[in-house]
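Residues per chain, in single letters:
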Amino acid sequence: MLTNTNLLALLTALALLTPPCPAAVAQNASLASPETAGLHPAKLSEIDAAIAAAIADQRCPGAVLWFEHRNTVHHRAYGQRATVPTAEPMTCDTVFDAASLTKVVATTPAILLLIERGSLDLDDQVSACLPEFTGAGREQVRIRHLLTHTSGLRPGISAKPDWLGYDRAIQLACAEIPTASPGTVFRYSDVNFILLGEIVRQVGGQTLDRFVREHFYLPLKMADTRFLPPASQLPRIAPTTREGDSVVRGMVHDPTARRMGGVAGHAGLFTTAADLARFSRMLLNEGELDGVRVLKPSTVRLMVSVQTAEPVPDRRGLGWDIDSGYAGPRGAHFPVGSYGHTGWTGTSLWIDPFSRTFVILLSNRNHPSEEGSVVALRRVVGTLAAEAVADFNFLFVPGALARRPTEEKGMAPPSVATVRVLNGVDVLRRDGFAPLRGLRVGLITNHTGHDRDRQPLIDLLWAEPDVQLKVLFSPEHGIRGQLDEGVGDSTDARTGLPVYSLYGQRRKPGPDQLADLDALVFDIQDIGCRFYTYISTLGLCLEAAAEQHLKFFVLDRVNPINGTTVEGPVHTGESSFTAFHALPVRHGMTVGELARMFNAERGWHADLTVVPLENWRRNLWFDQTLQPWTNPSPNMRNLNEATLYPGVGLLESALSVGRGTDTPFEVIGAPYIDDRVWAEALNRVGLPGVRFVPTRFTPNASVFQGQTCGGVQLIVTDRDRLKAVELGIALAVTLQRLYPGQFALDKVQTLLRHAPTIEAIRSGQSVGEITRLWLAELESFNRRRQAFLLYP
């Protein structure tokens, strides 16, 4: 990882490895340089630095960027095209394995052209085109479902037993059976586009590669775009992974497409940034480029508009992504209604018709191995690209779709799909407590440990004749969740069982307390934030179970602020009760998944069983689960406060965060703050998903108790766009600038636990510069956590 001291010099050197690319831009005389119109040069430099930093951190060996706004282009190459067997510099005309960009640059337009001609209809049965695709519910699958990834088919066809050949792949794809009713679930699937590629062949009368070359690439003068690239292109092709003593070069990386001979509907296309720029301009012009029309305007509008409907919360066009978990390249500012796609090899394309902007980022991040990743880089580049656009206001975009607007208190509006999710306790009760029968059990729980009917697990286990509930353990805030101070041992009034505190003189069960037990059971609702101490109690109890050779059961519970968003610096120092493990501030995991991570990464080898959730998906917020809300702690009173907590809570040692008011974590301030000045400064930062209203309040507890504080009320306008930890950094950055002598910055370290971030705030760096310090750490964490995730 780069150190702070050499970062700037290294980024500058890397960014200047290759000059801008005038040759490709010169092919279109109407394009202007950034210096003449439309784009902020400082932001372009930030883009260059972000890409250079990703290369220096070995996220990818090199990249090519084409960023175009109206007639202004920023196009350049970075780093190396190849590192083995010999080093080669990246060039602007490098040819890349486009991977899944094939779906939207080849297969989707081909299908849409056939629909435009009347040869197909979106609502045609797939079986009408492919008679082998019949039986077992397949007749319900329509062309529309394949294009929107709502067919219910699995993500891919199996490689086992071994097979080879295009025809065999089609047989295997046609043999796939939907595992969900078509139109009800979004599941990204290569099988969908393998079938669509075959439909082009059957209905269009040509193989996919010939069809798109004749009807799109030749008319659009996309000279370097094709399946099965010729030998003459080989020196310019970016290699991918190492195989044996050589690297894959000129041959599609995707193993299924390779077995199919290199031409498939889901992968296999090779292209350049310049060619994709021509394709993007054609889409912005609604099917026409340089006087040549390849699609009707109505066809393009259909293709890039939302085609998914309730109950699917993910918004997809035909082929194209609009607003789903794959929409990272949209960044923080491009509006919903812009569209794009990504590819496994490190490619991405995002197009905003409102500002007439597109961003093409091509890399071979899996050269020479799969260790590279550009997921975070795509989002950073997308964010900076929008910030570079000087003549468009992304805060007010007529015609853009709402980013899943939230109601007051952060709750989902009635239009947001809900799912009847079962927590682990619900599953355990439904199954008759089978895993615990015959065991002497100690229960780690509090008032949140209840089923969906609000029946406490304490009472359920006490009444279960085949389970011997012997002892209770309580975390911070006590067994009933009403205390905001140290907790002592006690006796449960209803059962007479001893209650041992894990937030008093000891925080880990002692051997004497575990002597008569066979198992520990953990059932507490977490909030999804590293410094919320229930997960530290989880870890310490799991360690104690391992030491005493007890079984350990985690009754899993939803992450209330969703399981997809991961943000903030990763704690890597000494373990503490507010930073128990190497986690980012917002970890995006459930308690069951965290237990799996702790057990493996700390080498405890405990006899761990997670009683899993049912029907939960990672993108769900708490109010989409139909589970009842119980305040996890005295000051965590609604989902809006939980959403804000990973950011606002970071500052609670330095400021009043509303403890002792009716709205904790929704207001923040201090006696020395001019509320109007601070609110104006924060709103100028332009954080997505939140606005700031000047306010004054007097807390009757905690920091600045009894003192009138100037501050801000935080209004969540879009929880899906809000980055809570980034919000916390913005609060600190603005206060450090406005009140450097009064704001106790060092106290933020108490919960942040990341000294480089504190020093970056102290030195006056921007919010964007600071959050980019975390990219490598977050990429590493995301790779680590994959092995422990239990839910899609």
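The structure we're discussing is the one just above.
All chains use their own residue numbering, which begins from 1 and follows the written sequence. Only residues with pLDDT of 70 or above have their local features reported here, since the model is predicted, and side-chain atom pairs are shown and tallied only from 80 upward, although totals for entire chains, interfaces and linings are computed over all residues. No hydrogens and no water enter the side-chain calculation; it runs on all heavy atoms of the structure.

Student: Please explain the overall build of the protein chain as it appears in this structure.
Tutor: Note on conventions: DSSP H or I runs of at least 4 residues are helices, E runs of at least 2 residues are strands, and numbering of each starts at the N terminus. For the protein chain, the count of helices and strands is 25 helices and 27 strands. The C-alpha atoms of the protein chain give a radius of gyration of 28 Å, which matches the 28 Å a tight globule of 792 residues would have. For the C-alpha atoms alone, the extent of the protein chain along its principal axes is close to 80 × 65 × 50 Å. Think of it in three bands: with a 1.4 Å probe and only protein chains considered, a residue is buried below 20% of the maximum accessible area for its type, exposed above 50%, and partly exposed in between. Classification of the 792 residues of the protein chain by burial places 61% in the buried group. Whether two residues touch is decided by their heavy atoms; if any such pair falls within 4.5 Å, the residues are in contact. Considering only residue pairs separated by 6 or more positions, the protein chain has 71% of its internal contacts joining residues 24 or more positions apart. Note on areas: Shrake-Rupley with a 1.4 Å probe; residue coverage comes only from the protein chains shown. When the accessible surface of the protein chain is totalled, it reaches about 29,100 Å², and 51% of it is carbon and sulfur. Only four residue types enter the charge count, namely Lys and Arg as positive and Asp and Glu as negative; His and the chain termini do not. The atom standing in for a charge is NZ when the residue is Lys, CZ when it is Arg, CG when it is Asp and CD when it is Glu. If you average the places of the 77 positive and of the 82 negative side-chain charges in the protein chain, the two averages end up 2 Å apart. All radius of gyration figures rest on C-alpha atoms, and the globule criterion is 2.2 Å times the number of residues raised to 0.38.

Student: Sorry, what's going on with the sheet that holds strand S20 (residues 519-523) here?
Tutor: Strand-to-strand pairing in sheets goes through backbone hydrogen bonds, with the strands running parallel or antiparallel. Strand order in this open sheet of 7 strands is S18-S19-S17-S16-S20-S21-S24, and the pairing throughout is mixed. Since the sheet does not close on itself, it has two edges, and those belong to strand S18 (490-491) and strand S24 (607-611), each with one partner. For two strands to be treated as a pair, DSSP must find at least two bridges joining them.

Student: Just to check I follow, could you spell out helix H25 (residues 775-786) for this structure?
Tutor: An α-helix turns once per 3.6 residues; consequently, residues spaced three or four apart project the same way. Multiplying 1.5 Å by the helix residue count minus one yields the expected span of that helix. Taking 1.5 Å of rise per residue, the 12 residues of H25 would be expected to cover 16 Å, and the 17 Å separating its terminal C-alpha atoms lies within 8% of that figure. Those residues of H25 that sit buried are Ala 776, Glu 777, Leu 778, Glu 779, Phe 781 and Arg 785.

Student: Looking at this structure, I do not really get the environment of Ala 402. What am I missing?
Tutor: Counting through the fold element by element, Ala 402 comes out in the loop between helix H13 (375-388) and helix H14 (424-430). For Ala 402, a relative accessible area of 41% gives the class partly exposed. Expressed as a C-alpha distance, the spacing of Ala 402 and Thr 590, which sit 188 residues apart in the sequence, is 28 Å. In this structure Ala 402 touches Arg 315 and Val 336, once residues within four positions along its chain are discounted.

Student: In this structure, what is going on with the side chain of His 581? I would like to understand it.
Tutor: For His 581, the position within the fold is in the loop between strand S22 (567-570) and strand S23 (584-586). Once you skip the residues sitting within four places of it in the chain, His 581 turns out to touch Arg 530, His 571, Met 597, Phe 598, Glu 601, Arg 602 and Arg 784.

Student: Any chance you could explain the pattern of salt bridges here in plain terms?
Tutor: Note on pairing: side chains with opposite charge can pair once their charged atoms come close. What makes a salt bridge here is a side-chain nitrogen of Lys or Arg within 4 Å of a carboxyl oxygen of Asp or Glu, nothing more. Considering all chains together, one arrives at 40 salt bridges under this definition. Notably, a salt bridge pairs Arg 494 with Asp 459, separated by 2.5 Å at the nearest N-O pair. Taken together, the residues span a long stretch of sequence, with Arg 494 in the loop between S18 and strand S19 (498-501) and Asp 459 in helix H15 (residues 457-462) at a distance of 35 residues. Residue Arg 494 is classed as exposed on the basis of its relative accessible area, which comes to 62%. With a shortest N-O distance of 2.5 Å, Asp 746 and Arg 762 are connected by a salt bridge. Of this pair, Asp 746 sits in the loop between helix H21 (724-738) and helix H22 (749-752) while Arg 762 sits in helix H23 (residues 755-762), and the two are 16 residues apart along the sequence. Because the salt bridges share partners, they merge into one network encompassing Lys 43, Glu 46, Glu 387 and Arg 772.

Student: Help me understand the sheet that holds strand S27 (residues 709-716), please; the structure alone is not making it clear to me.
Tutor: With respect to topology, 3 strands assemble into an open sheet ordered S25-S27-S26, the strand pairing being antiparallel. Edge positions in the sheet fall to strand S25 (667-670) and strand S26 (690-697), since each has one partner strand and no second. With direction set aside, neighbouring strand axes in the sheet form an average angle of 25°. Sheet topology note: the S25/S27 ladder contains 4 bridges and is antiparallel. Here the axes come from fitting lines to C-alpha atoms, over the contacting stretch only for helices, and the angles between their N-to-C directions go from 0 to 180 degrees.

Student: Honestly, helix H20 (residues 675-685) in this entry has me stumped. Any pointers?
Tutor: Those residues of H20 that sit buried are Asp 675, Trp 678, Ala 679, Ala 681 and Leu 682. What you see down the axis of H20 is that its buried residues fit within an arc of 165°, all on one side. Opposite its buried face, H20 presents the exposed residues Arg 676 and Arg 684, each directed more than 90 degrees away. If you follow the buried residues of H20, they end up packed against S25, S26, S27 and H21. You can read the cap of H20 off the contacts: a side-chain oxygen lies 3.1 Å from the backbone nitrogen of Arg 676, and it is on Asp 674. Backbone geometry just downstream of H20 places Gly 686 in the positive-phi region, at approximately 75°. Arc definition: it is the arc formed by the directions from the helix axis to the C-beta atoms. A 3.5 Å cut-off defines polar contacts: any pair of N or O atoms within that distance qualifies, except that in protein one atom must be a possible hydrogen donor and the other a possible acceptor, and neighbouring residues in sequence count only when both atoms are side-chain atoms.

Student: For this particular structure, what's the right way to read unusual backbone geometry?
Tutor: One can expect most non-glycine residues to show negative phi and most peptide bonds to be in trans. The omega torsion across Val 84 and Pro 85 is 0°, close enough to zero to call that bond cis. Examined against the element boundaries, Pro 85 turns out to sit in the loop between strand S2 (72-82) and strand S3 (88-89). Between His 367 and Pro 368 the backbone carries a cis peptide bond, its omega angle lying at 0°. With respect to the helices, strands and loops of the structure, Pro 368 is situated in the loop between strand S15 (357-363) and H13. The phi dihedral of His 549 is positive, around 60°, even though this residue is not glycine. By the element assignment, His 549 lies in the loop between helix H17 (534-547) and strand S21 (551-555).

Student: In this structure, what is going on with the nonpolar core? I would like to understand it.
Tutor: When a protein is soluble and globular, its nonpolar side chains tend to lie buried together. Among the nonpolar cores identified, the biggest contains 103 residues, and Phe 552, Leu 655, Ile 668, Phe 692 and Phe 743 are the most heavily contacted of them. Take this core: its biggest share by element is 9 residues, from H17. The term nonpolar core refers to a set of buried residues drawn from Ala, Val, Leu, Ile, Met, Phe, Trp, Tyr and Cys, joined through side-chain atoms within 4.5 Å.

Student: Quick question: what am I supposed to make of the packing of aromatic side chains here?
Tutor: How two aromatic rings sit relative to each other is set out by the distance from centre to centre and by the angle between their planes. For Phe, Tyr and Trp, where Trp contributes only its six-membered ring, two rings pair if their centres lie within 6.5 Å, and the inter-plane angle classes them as stacked under 30 degrees, edge-to-face over 60, or tilted in between. According to the stated counting rule, one finds 16 aromatic pairs in the structure shown. On the basis of an interplanar angle of 55° and a centroid distance of 5.2 Å, the ring pair of Phe 531 and Tyr 645 is categorised as tilted. On the criterion of sequence distance, the pair formed by Phe 531 in the loop between S20 and H17 and Tyr 645 in helix H19 (residues 639-648) is long-range, its members being 114 residues apart. Residue Phe 531 is classed as buried on the basis of its relative accessible area of 3%. Here Tyr 645 falls in the buried class, since its relative accessible area comes to 5%. In this structure an aromatic cluster arises from ring pairing among Phe 531, Tyr 532, Tyr 534, Tyr 645 and Phe 665. When the NZ atom of lysine or the CZ atom of arginine is within 6 Å of a ring's centre and also within 35 degrees of its normal, the charge is said to sit over that ring. Between the NZ or CZ atom of Arg 507 and the centre of the ring of Phe 577, over which it lies, the distance is 4.3 Å. One residue, Arg 602, lies across the ring of Phe 580, its end atom 4.1 Å from the ring centre.

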